Amino acid sequence: MMHLKLSQEEKKKFCPSQLEIEAAAHEFFRIGKHHGWFGRGDDQSRYDEMDPIGKEEFEDIVAIILVAAAYTKSTANGS
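Residues numbered from 1 in each chain as written. Predicted model: local features only at pLDDT ≥ 70, side-chain atom pairs only at ≥ 80, totals over all residues. Heavy atoms only, no water.

Below, the discussion takes up the packing of aromatic side chains. In the structure shown here, the tally under the stated rule is six aromatic pairs. Relative to F58, the ring of F28 lies with its centre 5.5 Å away and its plane at 20°, an arrangement referred to as stacked. Taken together, the positions of F28 in helix α2 (residues 18-34) and F58 in helix α3 (residues 52-76) put the pair 30 residues apart, joining distant regions of the chain. Counting every residue linked through ring pairs, the aromatic cluster contains F28, F29, W37, Y47 and F58. (Phe/Tyr/Trp six-rings, centres within 6.5 Å; stacked < 30°, edge-to-face > 60°. Helix = DSSP H or I, 4+ residues; strand = E, 2+ residues; numbered from the N terminus.)

This paragraph deals with the pattern of salt bridges. Applying the stated criterion across every chain yields a total of three salt bridges. E27 is the partner of R30 in a salt bridge, and the nearest nitrogen-oxygen pair spans 2.8 Å. On the criterion of helical spacing, the pair formed by R30 and E27 is a turn pair, its members being three residues apart in helix α2. In this structure, D48 engages K55 in a salt bridge whose closest nitrogen and oxygen atoms are separated by 3.8 Å. Taken together, the salt bridges that share partners define one network made up of R46, D48 and K55. (Salt bridge = Lys/Arg side-chain N within 4 Å of Asp/Glu carboxyl O.)

Glancing now at α2. Taking 1.5 Å of rise per residue, 17 residues should cover 24 Å, and α2 covers 24 Å from first to last C-alpha, within 8% of that figure. When α2 is considered as a whole, its buried residues turn out to be I21, A25, F29, G32 and K33. What you see down the axis of α2 is that its buried residues fit within an arc of 95°, all on one side. Pointing more than 90 degrees away from the buried face of α2 are the exposed residues L19 and H34. (Expected span 1.5 Å × (residues − 1). Buried < 20%, exposed > 50% of the residue type's maximum accessible area, 1.4 Å probe, protein only. Arc of directions from axis to C-beta.)

Let us now look at the nonpolar core. Side chains of nonpolar character tend, in soluble globular proteins, to be buried together. I21, A25, F29, Y47, M50, F58, V62 and A63 together form the largest nonpolar core, which totals eight residues. For this core, the elements supplying multiple residues, two or more each, are α2 and α3. Ignoring sequence-local partners within four residues, the contact set of F58 consists of A25, F28, F29, F38, Y47 and M50. (Core = buried A, V, L, I, M, F, W, Y, C linked by side-chain atoms within 4.5 Å. Contact = heavy atoms within 4.5 Å.)

Right under this line is the structure:
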């Protein structure tokens with residue numbers, strides 16, 4: 001497994017838009033709920049109902065994943 005250590009410039013180059021982050025976060029949350037990753041309770045039924053700090057942290061994680069994917073795709077294509 002590869003752990004990326006990108007420079008600030010590289011992070012900016014591969015940084016997704018907020019719209020892309022939110023779309024991916026919604027899907028990741030939906031899939032996670034389906035698989036019980038966040039518990040099976042009804043207390044957190046929708047992504048938009050997350051507490052603001054938790055939502056921001058979740059989106060930060062998703063952004064890191066998207067940056068890693070974009071970087072890997074670009075290096076695999078020889079860009």
